[in-house]
Amino acid sequence: MIPLKKESVRLLKKCLKRQNPDLLHVLEKNENDFNEEIYNNLREIVCSELLENGFRNEQPNEYGIELENLIDELGRLFM
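Residues numbered from 1 in each chain as written. Predicted model: local features only at pLDDT ≥ 70, side-chain atom pairs only at ≥ 80, totals over all residues. Heavy atoms only, no water.

## Side note on the overall build of the protein chain
- Secondary structure summary: the protein chain contains three helices and two strands in total.
- Going from N to C terminus, the protein chain has its helices and strands arranged as α-α-β-β-α.
- For the protein chain, whose C-alpha radius of gyration is 12 Å, the value lies close to the compact-globule estimate of 12 Å for 79 residues.
- Taking the intrachain contacts of the protein chain between residues at least 6 apart in sequence as the baseline, contacts between residues at least 24 apart amount to 67%.
- Surface exposure of the protein chain reaches about 5200 Å², of which carbon and sulfur atoms provide 44%.
- Both charge centroids of the protein chain, one from 11 positive and one from 16 negative side chains, sit 6 Å from each other. (Helix = DSSP H or I, 4+ residues; strand = E, 2+ residues; numbered from the N terminus. Rg over C-alpha atoms; globule rule 2.2 N^0.38 Å. Contact = heavy atoms within 4.5 Å. Areas by Shrake-Rupley, 256 points an atom, 1.4 Å probe, with all protein chains shown as cover. Lys, Arg positive; Asp, Glu negative; His and termini not counted. Charge placed at Lys NZ, Arg CZ, Asp CG, Glu CD.)

## Observations concerning the nonpolar core
- In this structure, Ile2, Leu12, Leu42, Val46 and Leu74 are the most contacted members of the largest nonpolar core, which totals 22 residues.
- Listing elements by their share of this core, those giving two or more residues are α1 (6-19), α2 (36-53) and α3 (62-76).
- At six residues, the largest contribution of residues to this core is made by α2.
- Apart from the residues lying within four places of it in its own chain, the contact partners of Leu42 are Ile2, Leu12, Leu16, Phe34 and Leu74. (Core = buried A, V, L, I, M, F, W, Y, C linked by side-chain atoms within 4.5 Å. Buried < 20%, exposed > 50% of the residue type's maximum accessible area, 1.4 Å probe, protein only.)

## Concerning α3
- Between its first and last C-alpha, α3 extends 22 Å over 15 residues, near the 21 Å set by a 1.5 Å rise per residue.
- Turning to α3, its buried residues number three or more, namely Tyr63, Gly64, Leu67, Leu70, Ile71, Glu73, Leu74 and Gly75.
- Packing partners of the buried residues in α3 comprise α1, α2 and β2 (59-60).
- Two or three places before Tyr63, at the opening of α3, Asn61 has a side-chain oxygen 3.1 Å from that residue's backbone nitrogen. (Expected span 1.5 Å × (residues − 1). Polar contact = N/O pair within 3.5 Å; in protein donor to acceptor, adjacent residues only side chain to side chain.)

## Details of the packing of α1 against α2
- Where α1 contacts α2, the two axes come as close as 9 Å, and the packing angle between them is 75°. Judged on the interaxial angle alone, α2 and α1 are roughly perpendicular. Each of Leu12, Cys15, Leu16, Arg18 and Gln19 in α1 lies in contact with α2, whose residues at this interface are Leu42, Ile45, Val46, Ser48, Glu49, Glu52 and Asn53.
- For the contact of α1 with α2, a count of residues per class yields six nonpolar, three polar and three charged. (Axes fitted to C-alpha atoms, helices over the stretch in contact; angles between N-to-C directions. Parallel < 35°, antiparallel > 145°, perpendicular 65-115°, else oblique. Nonpolar A, V, L, I, M, F, W, Y, C, P; charged D, E, K, R; others polar.)

## Here's the deal with the environment of Gly75
- You can see Gly75 is positioned in helix α3.
- Owing to a relative accessible area of 5%, Gly75 belongs among the buried residues under this scheme.
- Spatially, the C-alpha atoms of Gly75 and Leu12 are 13 Å apart, while their sequence positions differ by 63 residues.

Right, dumping it as structure tokens:
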């Protein structure tokens, strides 16, 4: 399973359900099966969710801040 905090996994699932439900199966992969390409794809999906639902009056709302943190967390997994 992807090496994220439980809350981060929950948030990532929510993003995948909204943005690309066909990729939900990726979360069940073994941690060793993840590579930079997969992490980048997941970050792109979270970025799309952020752009669509994470701002109010051009400022990140609470949900947007959570998404920004998730983007950073995903980035740390492969950088």
